[in-house]
Amino acid sequence: MRNQQKLYRFLFGGTLLVVAFFLFGIAVNGQTHSDLNKEFSFIRVKTWNFTSERVTASDKVGANEIWDNYLRENLTAGLAKAGFNHSDALPDLMIRYRLSTKEKKRVNVIRDNWGPVYRRGGRNYWRGRRGTSTVYRTAYDQSTLVLDIVDARTKELVWRGYDRRTVDDKAEKSLKKSVDALMDRLAKDVRESLKQKK
């Protein structure tokens with residue numbers, strides 16, 4: 001019975017570690033989602049341009065002008081790769097975006113005093129002192145990039161994508177990953193839309 005209780009503590013501590021690593025993975029690797037207007041057809045859509053109004057973020061970091069220019073460069077390259085051409089004269093689509101950042105807390109769990117595990121009589125036993133867990137929080141910046149694609153003729157929103165991920169000291173790399181993830185999702189949604197329209 002005593003060994004069983006120790007085994008339960010061991011498994012509980014391991015479960016906390018798995019949850020912590022899972023949450024850490026989401027924060028680092030990012031989350032990308034999108035919504036598509038299924039009534040809209042991309043068959044004859046070829047050109048795009050940025051909207052004239054610039055949506056400014058409410059926080060100082062997200063309103064960084066250097067990041068804004070870097071985002072525009074990456075979006076232009078990504079849309080060209082997806083088969084859309086930039087045009088100032090009567091574009092088919094209008095692109096607008098918003099970048100914001102928010103400080104988040106990451107929960108870290110460290111399991112101490114595991115003790116040795118030995119096998120006897122076909123069963124595993126854990127021998128050692130009662131395990132302890134150290135829980136601490138660390139702050140990090142999470143960015144949210146929202147990208148809207150609007151029908152230039154009807155002014156209706158036809159696609160929206162957003163990506164959340166951790167921004168570290170290599171912010172430009174993180175922003176490029178956000179744009180790349182959104183472009184991959186857009187390309188996938190456009191392919192699905194074209195299949196349904198055939």
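Before reading on, note that the structure itself is shown above.
Scope of this entry: the structure provided in the associated data block. What you see as residue numbers is a count from 1 along each chain, following the sequence as written. Restriction of local features to residues with pLDDT of at least 70 applies here, the model being predicted, together with a cutoff of 80 or more for giving and counting side-chain atom pairs; totals for whole chains, interfaces and linings are based on all residues. Excluding hydrogens and water, the side-chain values take into account all heavy atoms of the structure.

1. A few points about the pattern of salt bridges
A pairing counts as a salt bridge when a side-chain nitrogen of Lys or Arg comes within 4 Å of a carboxyl oxygen of Asp or Glu. Counted according to the given criterion, the structure contains 4 salt bridges. Linking Arg 96 and Asp 148 is a salt bridge whose minimum nitrogen-to-oxygen distance equals 3.1 Å. Of this pair, Arg 96 sits in strand 4 (residues 93–112) while Asp 148 sits in strand 7 (residues 132–151); the two residues are 52 residues apart in sequence, bridging distant segments of the chain. Close ionic contact of Asp 180 with Lys 176 constitutes a salt bridge, the shortest N to O distance being 3.0 Å. Of this pair, Asp 180 and Lys 176 both sit in helix 3 (residues 171–197), 4 residues apart, roughly one helical turn. Type-normalised accessible area, obtained with a 1.4 Å probe on protein chains alone, sets the label of each residue: buried when under 20%, exposed when over 50%, and partly exposed for intermediate values. With a relative accessible area of 33%, Asp 180 lands in the partly exposed category. Salt bridges here are not isolated pairs; linked through shared partners, they connect Arg 96, Asp 148 and Arg 160. Elements are defined by DSSP. Helices are runs of H or I of four residues or more, strands are runs of E of two residues or more, and each kind is numbered from the N terminus.

2. Concerning the packing of aromatic side chains
Side-chain rings of Phe, Tyr and Trp, where Trp is taken by its six-membered ring, are said to pair if the distance between their centres is within 6.5 Å; with planes under 30 degrees apart they count as stacked, over 60 as edge-to-face, and otherwise as tilted. Across all of its chains, the model carries 4 aromatic pairs by this definition. The interplanar angle of 65° and the centroid separation of 6.5 Å between the aromatic rings of Phe 42 and Phe 84 together place this pair among those described as edge-to-face. You can see Phe 42 sitting in the loop between strand 1 (31–36) and strand 2 (47–50) and its partner Phe 84 sitting in the loop between helix 2 (65–81) and strand 3 (85–86), a full 42 residues away along the chain. Note on accessibility: Phe 42 and Phe 84 belong to one class, buried. An angle of 70° between the planes, with centres 6.0 Å apart, marks the rings of Phe 50 and Tyr 97 as edge-to-face. Taken together, the residues span a long stretch of sequence, with Phe 50 in strand 2 and Tyr 97 in strand 4 at a distance of 47 residues. Tyr 97 shares its class with Phe 50; the two are buried.

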